[in-house]
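Structural overview for review
For reference, the chains in residue letters:
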Amino acid sequence: MKSKRVVIVGGVAGGMSAATRLRRLDNEIEIVVIEKSGHVSYANCGLPYYVGGVIEEEKSLLLQTPESLHARFRLDVRISSEVLSINGKQKSVTIKELATGREYVLNYDKLILSPGASPIVPPIPGVERALTLRTVEDVERIVSQVNLKPKNAVVIGGGFIGVEIAENLIHRGIDTSVVEAAIQVLAPLDPEMATLVAKEMRSHGVKLHLGTSAKSITDKSVVLANGVELPADLIILAIGVRPDVSLAKVAGLKIGSRNGIAVDRNNLTNDKNIYAIGDVAEKTDSLDGSATLVPLANIANRHGRVVSDHIAGRKVREVKTIGTAIVKVFDLMIATTGWNEKRLSQTKRKYKVIHAHPNSHAGYYPDSKQMSLKLIFDAKSGEILGAQGIGIEGVDKRIDVIATSIRGGITAPELADLELAYAPPFGSAKDPVNMLGYIAENILSGLTKTAQWSQIAEYQEMGYQLLDVRGASEVARGAIPGFDNLPVDEIRERKAELTNKNILVSCQVGVRGHTATMLLNELGFNAVNLDGGYLTWSNSPAAEKVLINN
Ligand SMILES: Cc1cc2nc3c(=O)[nH]c(=O)nc-3n(C[C@H](O)[C@H](O)[C@H](O)COP(=O)(O)OP(=O)(O)OC[C@H]3O[C@@H](n4cnc5c(N)ncnc54)[C@H](O)[C@@H]3O)c2cc1C
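As its UniProt record puts it under Cofactor (unreviewed entry), the protein is described as follows: "FAD". UniProt annotates the protein under Sequence similarities (unreviewed entry) with the comment "Belongs to the class-III pyridine nucleotide-disulfide oxidoreductase family."

Structural data, given as structure tokens:
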């Protein structure tokens, strides 16, 4: 009997995971992978580091070849071949060999679409001069321009790829500007977290132009909407990607509300012989069940495996997404999972927020580094809704633990119960994740009340006294305007000086503030602790406003 043929469009993250999994499940099935670019199974996530010379050899990015994939998996991989169209009724695709121009038709029993997402190119004059980054060929173009030693570069877009490219251009000694239409870099972060990234970029020489966009591109420059003209020998365009649904649209496949291919829980499209995975397909948000786009490698690979299991007749679980992501920006690691506060604040859901600034490992063991963590959870149930972390060390593991907790249904207070590996070089007996759990427990049980950096004026208007409980020398180094100073250790003796029953307490990171709040409440006051203390406030838009007004 003739074996089944599965054709896969796109031979990188999703496509190649599907192909190799399917082969492991079925040694007989015919698997044909069609890849438009000249390479298959390349490390697109590593491309920015080849620009900077961190990855020295292009061949390090090329994980497999058609030959190696045939030798091990008997895959029929056809590179430099583009699928031009799909005929769902006939169950066939038309393929063009890009080197020869020859077109031919190939039948399939099942088709898996994993063509990824294409960079968004805005219709601004001169945009043809801007380079985008998606494939090995793209990076070769960028590297050949970098090798001409341009004096200056403009990166349009301050998202994940934009900030990675900017860092790598700086490594190459190129004077680099980043233009970002939003008022912050890295949209998945909330503003008080994103400021830390902006500071890090500026401290390494990146010139940030936030809140303005590229209006036009000339032979020598990028002209911004705010009138600034940036000299630009090299221009990289990285304002985001959109699902590459061109093939799917023509084939009559259903496109969803987020403009990706709509799929069911098994990643099947409305044509029951066609699956869609990776950046091209819509995903299901695990927090609210809505359709979402998550152009990240993990979920592309995971769905690749799932569809092959489905084709092989295995039982599969629906894989929803929480969009966990991480990026390196010079010395910082920045990681996020779940929803951010910007997004939650647009819903009706009531949530609570914690900011903490713990050390990566025990403070007494050398080289511990302070990090900034933000946890967002449901105000009633404690369900974890999202987290963000920024720091030099240990952020990845904390966000990964929280992402795992979200997946496992562990609530914010239950983070206190996690027994995490501890010895002084690696963590603390009360790990930063445990600390978030302790704070969440205090808040949800009603033991303590906290206020956010954005609520200080509100408390002031309600008649609260603002009280900074740090030592005088710390206050002298920087304080929030309007706060009186009474160090926590002196509260018992000097309580008579406090004439206002209602007090908003602040300290450096929120820890001493918590102690002071508990003490003041016991002494008969109504005290509220400023979440994350001075440090969170100092990176927030509220602090920026103070600086501007002064
Ligand atoms: C520069 C860069 C850095 C990234 N860094 C990270 C990171 O650090 N972490 C992370 O999680 N994700 C990262 N990503 C995203 C990640 O690479 C993608 O989410 C993932 O590769 C998506 O897999 P995919 O299979 O959907 O598409 P891709 O891996 O993009 O593969 C799609 C392939 O399909 C081919 N194709 C398209 N149309 C056709 C056609 N008609 N016929 C034949 N072939 C076609 C394309 O040439 C392409 O090679 C990065 C992406 C880029 C570009």
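Once the structure has been displayed, the description carries forward.
What to know about unusual backbone geometry
Within the chain, phenylalanine 330 stands out as a residue other than glycine whose phi angle is a positive 50°. Looking at where phenylalanine 330 falls in the secondary structure, it is placed in the loop between β20 (325-329) and β21 (332-338). Taking the C-beta count within 10 Å as the criterion, phenylalanine 330 has 17 such neighbours and is therefore assigned partly exposed. For aspartate 367, which is not a glycine, the phi torsion comes out positive at approximately 70°.

A short note on the environment of leucine 385
Along the chain, the position of leucine 385 falls in strand β24 (residues 384-391). The class for leucine 385 is buried, based on 27 C-beta atoms found within 10 Å. Placed 82 residues apart in sequence, leucine 385 and histidine 303 show a C-alpha to C-alpha distance of 23 Å. Each residue touching leucine 385, except ones within four places of it in the same chain, is listed here: Leu287, Gly338, Trp339, Leu344, Tyr351, Ile376, Phe377 and Asp378.

Examining the packing of helix α1 (residues 13-25) against helix α8 (residues 297-311)
Following both chains from N to C, one finds α1 and α8 inclined at 35°, their axes separated by 7 Å at the closest point. As for how α1 packs across α8, the hand of that crossing is right-handed. Residues Ala13, Gly14, Gly15, Ser17, Ala18, Arg21, Leu22 and Leu25 of α1 pack against Ala297, Ala300, Asn301, His303, Gly304, Arg305, Val307, Ser308 and Ile311 of α8. Of the residues in the contact of α1 with α8, the class split is 8 nonpolar, 7 polar and 2 charged.

Quick word on the sheet that holds strand β23 (residues 371-378)
Either a parallel or an antiparallel arrangement is found when strands of a sheet pair, and the pairing is made through backbone hydrogen bonds. Spatially, the 5 strands line up as an open sheet ordered β20-β21-β24-β23-β22, and their pairing is antiparallel. A single partner strand is all that each edge strand has here, and the edge strands are β20 and β22 (351-356). For this sheet, the mean inter-axis angle between neighbouring strands, taken without regard to orientation, is 10°. Two elements, β20 and β21, share 5 bridges in a ladder whose sense is antiparallel. Each bridged residue has a counterpart across the sheet, and for lysine 328 the counterpart in β21 is methionine 333. Those strands touched by helix α6 (residues 191-203) are β20, β21, β23 and β24, and its axis lies near 20° from that of β24.

Things to note about the environment of isoleucine 392
Among the structural elements, isoleucine 392 can be located in the loop between β24 and α10 (395-408). Residue class for isoleucine 392 comes out partly exposed when judged on the 16 C-beta atoms lying within 10 Å of it. The sequence separation of isoleucine 392 and arginine 141 amounts to 251 residues, and the corresponding C-alpha distance is 32 Å. Not counting residues up to four positions away in its chain, the partners in contact with isoleucine 392 are Asp331, Leu332 and Lys369.

Some thoughts on the site of the ligand
Neighbouring the ligand are 33 residues; Gly10, Val12, Gly14, Gly116 and Gly278 lie closest to it. Residues of the shell around the ligand, tallied by class, amount to 17 nonpolar, 10 polar and 6 charged. Mapped onto the domain boundaries, the shell around the ligand takes at least three residues apiece from domain 1 (5-117 + 242-321) and domain 2 (127-239).

Conventions we followed
- Residues numbered from 1 in each chain as written.
- Predicted model: local features only at pLDDT ≥ 70, side-chain atom pairs only at ≥ 80, totals over all residues.
- UniProt positions renumbered as here; feature names shortened; annotations may be inferred.
- Helix = DSSP H or I, 4+ residues; strand = E, 2+ residues; numbered from the N terminus.
- Buried ≥ 20, exposed ≤ 12 C-beta atoms within 10 Å, placed from the backbone.
- Contact = placed C-beta atoms within 7 Å.
- Axes fitted to C-alpha atoms, helices over the stretch in contact; angles between N-to-C directions.
- Left-handed = near helix turned anticlockwise from the far one by under 90°.
- Nonpolar A, V, L, I, M, F, W, Y, C, P; charged D, E, K, R; others polar.
- Pairing = 2+ DSSP bridges.
- Near = placed C-beta within 6 Å.
- Domains from an automatic or database assignment.

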